[in-house]
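If you want the building blocks of each chain, they are given just below.
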Protein chains: 2
Amino acid sequence: STSIYNQNDPWTPTVAFTDFINNETITNEKYGGKVPYHRRPVTGKEYMDINALIQRELKKAPSFLAACCESDGTDLAILTTAPRGFKSGDRTTWFVLFHNMAGTGYYLSPVGLEVLVEHKDLHVSNWQLHKVFYNGRYFATTGDLEQEFVAGTLEVVKLKQPQADAVLGSMKLRSPPDSPGPLHFEAQGPRYRVRDNHITFQGWSIAFGMNPNSGPRLFDIRYRGERIVYELSLQEALALYGSNCPGGMSTRYLDGSFGIGRFAYELVRGLDCPYTATYVDRHYLAESDAPKTNQNSLCIFEHDSALPLRRHFSDSQSFYYGGLRKNTLVIRTISTLINYDYIWDFMFHGSGAVEVRVHATGYISTSFLHRRGTDYGNRVGPHTLGTMHLHHMHYKVDLDVDGQLNSLETQDMEYELIKDPWSMQNTIERPYLRRKSLEREDEAAFPLDAPMPRYLSFASPNPNKWGHPRSYRIQTVSFAGKHLPTSSSMERSVSWGRYQLAVTRRKEEEPTSTSIYNQNDPWTPTVAFADFINNETITSEDLVAWISVGFLHVPHAEDVPNTVTVGNGVGFFLRPYNYFDEDPSVDSPDSVYFSSE
Amino acid sequence: STSIYNQNDPWTPTVAFTDFINNETITNEKYGGKVPYHRRPVTGKEYMDINALIQRELKKAPSFLAACCESDGTDLAILTTAPRGFKSGDRTTWFVLFHNMAGTGYYLSPVGLEVLVEHKDLHVSNWQLHKVFYNGRYFATTGDLEQEFVAGTLEVVKLKQPQADAVLGSMKLRSPPDSPGPLHFEAQGPRYRVRDNHITFQGWSIAFGMNPNSGPRLFDIRYRGERIVYELSLQEALALYGSNCPGGMSTRYLDGSFGIGRFAYELVRGLDCPYTATYVDRHYLAESDAPKTNQNSLCIFEHDSALPLRRHFSDSQSFYYGGLRKNTLVIRTISTLINYDYIWDFMFHGSGAVEVRVHATGYISTSFLHRRGTDYGNRVGPHTLGTMHLHHMHYKVDLDVDGQLNSLETQDMEYELIKDPWSMQNTIERPYLRRKSLEREDEAAFPLDAPMPRYLSFASPNPNKWGHPRSYRIQTVSFAGKHLPTSSSMERSVSWGRYQLAVTRRKEEEPTSTSIYNQNDPWTPTVAFADFINNETITSEDLVAWISVGFLHVPHAEDVPNTVTVGNGVGFFLRPYNYFDEDPSVDSPDSVYFSSE
Ligand SMILES: [Ca+2]
Ligand SMILES: [Ca+2]
Ligand SMILES: [Ca+2]
Ligand SMILES: [Ca+2]
Ligand SMILES: [Cu+2]
Ligand SMILES: [Cu+2]
């Protein structure tokens, strides 16, 4: 506990959270100056120092710990929360304590104890435990807690040490394996090619990569030689909680600061991706001078979705059938951010469409259930409150549709009441199309909870064969919750969440919608996305779409042991809209056609 | 043309559109009396009689037809529209004429000619052609059209006879086949069982059937022996068009009247469903005394979705991995309604969730492009306007959650601004859960375009282990357009479309939300769903959820030859919500778990 954090040493301990190619010069360029040291992410070393402090403090409440938890403290796991205070410069974090249990998620077994640690000072010896929370009450020190317990004035909920097989959330097998279900096989091997970080498949060409912080990113997505997307990248994943425990109610994780890419671990063959998938390693630099490798942490495969991409059967006028299977190229990586697992999918269809999807799974985060806890979620165990939260994710999609100069077009329907042209005494409510071109960024920023035009597309100035602007349409699938009120002192740090979709002029100096430094100083955000939207014109410009998707998650009994992916997937499509002269899938060698002729 | 339609003969020609078990007695019981004869669906025989009339009339415009279409009329195909007039009793239908072409969809090749036929009289000899439309102008007769053409006062768009391989929308192969993509195989055969109309799979038990009119329907859906759904059935599919041609602008197809079930044809093995699927025949009675069979028209298979149902990887505190593949039982049937193909899927997950999904594919319907046609869609061919339309579908879901007596509960989030309990000078915006019980039908009818509570579930009075009502949640995925204004004289016939979700008390006398008779007399609907919603109490009652899903479809170049399924799927989930005490998939024999211990 004599560690000293050195703000003048660029390599210790923060550097690693930035990019492989990052260095101080780039940091200066990116943020227009030195980033204050207090904004740095918390490193593994810092967590170890904090854990040591907490362990020392727990020693001061031995009889309480024995009574509440059958514990001496050493077998309790701590879970960090974030942000860490109320104003810039603060570094005071609630840690929630759980019964630890090898081989299963401790996240479901809170013991009711939470501690507030100030770890701002550069000298670890000056760090302090500031507050203690237990079962609805706050104390100044663990000593006070012990004193009240000994005096008999503390209401203690006595928990047994969890037992290996009965523990809430265990995934140990309960039945012998069944015969295997259907499996994919590729009779003649894969039909896609992977060379270094480049994939080709049936007209598609994609460069893939992984940012250790912000996670998966694709570049130069081309179809039939033409670039459609310059950059398609995850920016941020926010998890914002409600609870009546201090740790839970403080929690607004910005996962990019923890490292969505670096925590994308090895994928399990046959479960996380098909056996036949191609697995590639990802390398990153974090908290060390030496690069690290996550082996087989990204997979690529062709998937038979068991659905036609298109089909028509005719027995009127003439008998024929035409169709094509929906075989999709999938690029996947899965990030485990402490308790949660996000499955990041990027899919490429034979129709020229790109589909982006994220599913949430893994362990929920919980609070110790006390008093009106169920105002913030559902009880999912004897003393466990599954705490409600938002999962909101942000993507950058730098579409370049038939060149860099694009405009934004919307289309929607209305009804017009007209006299019937052939029978003027009668009227009909007729749908018609309202086409609109959005001229400025402010018009193109759609609030999270407001209706959107049903069709919205990036349009090129060039027409297709039929005279319509060559376009790609953006279609989102999302069940988002409510964005944090803008009156919140930290709202600007997640102000990308205000918009389900915003389209801005592309700027070199606006490469990302957030920063790894936003988590620990959300009150003075290093990057505030809302500032990108300053009503610049967006006609015939290089444009970027910023897309938010997410869902409100109220955990329920069936989130134990893990949240299931069914119904918990959100994302978006990029679909050709008069980009081609006809559906490109007609050229597919997989097409099927037969007729009675 | 001496046919006489006999309204006193219950078997000719309408009977067939009702159920297998249907007869006059049941009809009386179902609709509280005899259904007026003018409401009957149009039979194949009636279309043939109409076609003969149109062919006779076309003979009166030989030089016009030769000029416009290189045709003598006999090689033109007619496409019906519906409804057929403006008031009850009308039976006057616009037919749109297309260049016919064996082996491909003529729907993309309108020649600009449309004719209005009155076919109300019971004597075919009294039927008449009422109006003729060509390229933006209306004429009283085909003779008038010919006369104007001969006089040189008609603006004619000269179209060539379509050529076999160059025709718009041809699906003939353009490339030699590639190596096959990934295929499913079942090493030890299927893991589900089908006996008669009954399926079992990993705790699921489902009875399936097909109504020749309204299409697929499931009964008595059970999981682990407990009934969850008594009936899950498609009710209707509406396609409502805009156009500046009379046929197009009149079109509001109610597909149930045409026959969603009877037009579910044989499925193509390996494309419509996997090779390994189980295919079953469906039988129906329509327009004949003898039953007919659609062979292999429903398929059942287990699908490897190539996604984990759940997974968690841990390398913090201890190293372990738990997961399960998302293998889904799928029941599928595909209806071809003239030009369009709807893929109806019902999916059963290892988490106890049911997923219902419909994808649209097949040929779009089109109008001849003239004047401001693109106010109603996009040009997709030399003279072809892909006309905008809604696809709205309606489902009945008679959930019985832990018994018949259910209530409707909603949950949603709000933020509350509170003082921080441990630091009272600071405030925090905290999410909390707003739980509500809906007491009456009017509160439980959610307009199509209004926000819905984020969580909505059918709740039993009985708690799960943790004290929460055992419930199933309804979650919809839809991109619906705008519902027809209620001021429309036919709106009550599709008044189910007002609501994205409505929950009513179950009534024997409210078995369906529509009727096959609504199409041809929408002005006096035989069933008007809106009447079901009469503010009855819905607490602890046998309840039914009625769910609308759909999307606005603005056809674009890539809808040729066929609409693709990517992005054109909508549906809903029924998800356990505190129904169990934990996720039932933990018991799955397919579960995987390993740890470093
Ligand atoms: Ca800007
Ligand atoms: Ca761009
Ligand atoms: Ca009622
Ligand atoms: Ca019921
Ligand atoms: Cu969650
Ligand atoms: Cu459509």
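All residue numbers refer to positions counted from 1 along the written sequence of the respective chain. Chain letters start at A and ligand numbers start at 1, both assigned in the order the entries are written. Under the rules for a predicted model, residues below a pLDDT of 70 receive no local features and side-chain atom pairs below 80 are neither given nor counted, while totals for whole chains, interfaces and linings still include all residues. For the side-chain quantities, the full set of heavy atoms in the structure was used; hydrogens and water were omitted.

Participant: Describe the packing of helix H3 (residues 62–69) of chain A against helix H4 (residues 142–151) of chain A, with residues and values.
Facilitator: Residue and element names in this part refer to chain A. Only the contacting stretch of a helix is used when fitting its axis, a line to C-alpha atoms as for every element, and angles between N-to-C directions run 0 to 180 degrees. By definition, any uninterrupted DSSP run of H or I lasting at least four residues is a helix, any uninterrupted run of E lasting at least two residues is a strand, and each is numbered from the N terminus. Relative to each other, H3 and H4 sit at 70°, their axes nearing to 8 Å. With respect to H4, the element H3 is oriented roughly perpendicular. When the axes of H3 and H4 are compared, the crossing they make is left-handed. Between H3, through Pro-62, Ser-63, Phe-64 and Ala-67, and H4, the contact on the second element is made entirely by Leu-145, Glu-146, Phe-149 and Val-150. Polar here means any residue outside two lists: the nonpolar Ala, Val, Leu, Ile, Met, Phe, Trp, Tyr, Cys and Pro, and the charged Asp, Glu, Lys and Arg; Gly therefore counts as polar. Classifying every residue of the contact of H3 with H4 gives six nonpolar, one polar and one charged. Here is the rule for angles: anything less than 35 degrees is roughly parallel, anything more than 145 is roughly antiparallel, 65 through 115 is roughly perpendicular, and the remaining ranges are oblique. Handedness of a helix crossing follows the sense of rotation of the near helix relative to the far helix, less than a right angle counterclockwise being left-handed and clockwise being right-handed. A contact between two residues is defined here by any heavy atoms of the two lying within 4.5 Å.

Participant: Which residues make up the coordination of the copper ion (ligand 6), and what values go with them?
Facilitator: Tetrahedral coordination by four donors puts the ideal angle at the metal at 109.5 degrees, and octahedral coordination by six puts it at 90 or 180 degrees. All names here are of chain B. We call an atom a donor if it is N, O or S and sits within 2.8 Å of the metal, or 3.2 Å for Na, K and Ca. Water is not counted, so some sites may look partial. Protein coordination of the copper ion (ligand 6) is provided by Tyr-340 (OH), His-389 (NE2), His-391 (NE2) and His-553 (ND1), with donor distances spanning 1.9 to 2.3 Å. Metal sites are grouped by the angles between bound donors: all angles between 85 and 135 degrees with four donors is tetrahedral, opposite donors over 155 degrees apart with the others between 65 and 115 is square planar for four donors and octahedral for six, and any other pattern is irregular. Considering all four donor atoms around the copper ion (ligand 6), angles at the metal cover 88 to 130° and the coordination shape is tetrahedral. Expressed as a motif, the donor residue spacing for the copper ion (ligand 6) is Y-x48-H-x1-H-x161-H. Here His-553 lies in strand E28 (residues 541–553) and His-389 lies in strand E21 (residues 389–399), a separation of 164 residues in the sequence. The cut-offs for exposure are 20% and 50% of the maximum accessible area for each residue type, with area from a 1.4 Å probe on protein chains only; residues under the lower value are buried, those over the upper are exposed, and the others partly exposed. For His-389, a relative accessible area of 1% puts it in the buried group.

Participant: Could you give an account of the state of the cysteines, with specific residues and numbers?
Facilitator: Residues and elements named next belong to chain A. Any two cysteine sulfur atoms lying within 2.5 Å of each other are counted as a disulfide. Across all of its chains, the model carries four disulfides over all chains by this definition. The side chain of Cys-68 participates in a disulfide bridge whose partner is Cys-69; the two sulfur atoms lie 2.1 Å from each other. With the S-S dihedral at roughly -90°, the linkage between Cys-68 and Cys-69 falls on the left-handed side. Accessibility assignment for this pair places Cys-68 and Cys-69 in one class, buried. Assigning the bonded cysteines of chain A consecutive numbers by sequence position, one obtains the connectivity 1-2, 3-4. Unpaired in this structure, Cys-245 has its nearest cysteine sulfur neighbour in Cys-69, at a distance of 13 Å. In this structure Cys-245 comes out as buried when scored by relative accessible area, which is 0%.

Participant: Can you tell me about the confidence of the model for chain A, naming the residues and giving the values?
Facilitator: Residues and elements named next belong to chain A. With 95% of its residues at a pLDDT of 70 or more, chain A shows a mean pLDDT of 94. pLDDT expresses, on a scale from 0 to 100, how confident the predictor is about each individual residue. Scored below 50 in pLDDT, residues 10–22 makes 39 contacts in the model with residues more than four places away or belonging to other chains. Of the two predicted TM-score estimates for the complex, the pTM is 0.97 and the ipTM is 0.96.

Participant: Residues and numbers for the sheet that holds strand E1 (residues 76–80) of chain A, please.
Facilitator: Residues and elements named next belong to chain A. Strand order in the open sheet made by the five strands is E1-E2-E3-E4-E5, with antiparallel pairing throughout. Of all strands in the sheet, those bounded by a partner on one side alone are E1 and strand E5 (137–139). Strand after strand, the sheet turns through a mean of 25° between neighbouring axes, direction not considered. Its contacts with the sheet place H4 against strand E3 (110–118), strand E4 (128–134) and E5, and it is angled at close to 120° to E5. In this description, strands pair whenever DSSP reports at least two bridges between them.

Participant: With reference to specific residues and values, describe the coordination of the calcium ion (ligand 4).
Facilitator: Residues and elements named next belong to chain B. Here the calcium ion (ligand 4) is held by Asp-398 (OD), Leu-399 (O), Asp-400 (OD), Asp-542 (OD) and Leu-543 (O), and the distances to it run 2.3 to 2.5 Å. Here the donor residues for the calcium ion (ligand 4) map to a single chain with the spacing D-L-D-x141-D-L. Accessibility classification places Asp-398 together with Leu-399 in one group, the buried group.

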